[in-house]
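# A look at the structure
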Amino acid sequence: MEDAGVSTGVTKTPAEFLKAIKGKAVLVKLNSGVDYRGILACLDGYMNIAMEQTEVGDWDMRSWEEYVNGQLKNKYGDAFIRGNNVLYISAINKT
């Protein structure tokens, strides 16, 4: 399967990118500034997003969990995000 990253130098349409990252770790930034990270389960033509293993907050991109003052704050399971709230979706590598 193709890598969803931009580093390949291959131009993809937005639809191809979204298809490639389905089932992978993503960062979803909302218009309000809130960040959601998790596994992209599915999305529709309105950019409504269903995510699994979802976490919310400000991120240290080396970490997969939300930490505030060194303590784990929030981890969620499934989440549904209405498409008109989405600023962007970015593929991330879970390390």
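Below: a short report on this structure. (Residues numbered from 1 in each chain as written. Predicted model: local features only at pLDDT ≥ 70, side-chain atom pairs only at ≥ 80, totals over all residues. Heavy atoms only, no water.)

## Topic: helix α1 (residues 14-21)
Three or more residues of α1 are buried, namely Leu 18, Ala 20 and Ile 21. The arc enclosing the buried residues of α1, seen along the axis, measures out at 160°, which places them on a common side. Residues Ala 15 and Lys 19 are exposed on α1 and point more than 90 degrees away from its buried face. Check the buried side of α1 and you find it contacts β1 (25-30), β2 (35-43) and β7 (86-91). Phi for Gly 23, located one or two positions after α1, is positive at around 85°. (Buried < 20%, exposed > 50% of the residue type's maximum accessible area, 1.4 Å probe, protein only. Helix = DSSP H or I, 4+ residues; strand = E, 2+ residues; numbered from the N terminus. Arc of directions from axis to C-beta. Contact = heavy atoms within 4.5 Å.)

## Description of the environment of Thr 54
Mapped onto the elements of the fold, Thr 54 is located in strand β3 (residues 49-56). As for Thr 54 and Ala 25, which are separated by 29 residues in sequence, their C-alpha atoms are 9.7 Å apart. Excluding residues within four positions of it along the chain, Thr 54 makes contact with Tyr 36, Arg 37, Gly 38, Lys 75, Tyr 76, Gly 77, Asp 78 and Ala 79.

## Things to note about the nonpolar core
Within the largest apolar cluster, twelve residues are counted, these being Leu 18, Ile 21, Val 26, Val 28, Leu 30, Leu 40, Leu 43, Ile 49, Met 51, Ile 81, Val 86 and Ile 89. Put simply, the parts of the chain that give this core at least two residues each are α1, β1, β2, β3 and β7. When residues in this core are grouped by element, the largest group, three residues, is from β1. Setting aside its immediate chain neighbours within four residues, Ile 49 contacts Val 28, Leu 40, Cys 42, Leu 43, Ala 79, Phe 80, Ile 81, Val 86 and Ile 89. (Core = buried A, V, L, I, M, F, W, Y, C linked by side-chain atoms within 4.5 Å.)

## What to know about the environment of Gly 77
With respect to the helices and strands, Gly 77 occurs in the loop between β5 (71-72) and β6 (79-81). On the accessibility criterion, Gly 77 (39% relative accessible area) is partly exposed. Note: C-alpha distance between Gly 77 and Glu 52 (25 residues apart in sequence) is 5.6 Å. The contact partners of Gly 77, leaving out residues within four places of it in the chain, are Met 51, Glu 52, Gln 53 and Thr 54.

## Digging into the pattern of salt bridges
Per the stated rule, a full pass over the model turns up one salt bridge. Between Lys 29 and Asp 35 there is a salt bridge, with the nearest N and O atoms lying 3.4 Å from each other. The class for Lys 29 is partly exposed, based on a relative accessible area of 21%. (Salt bridge = Lys/Arg side-chain N within 4 Å of Asp/Glu carboxyl O.)

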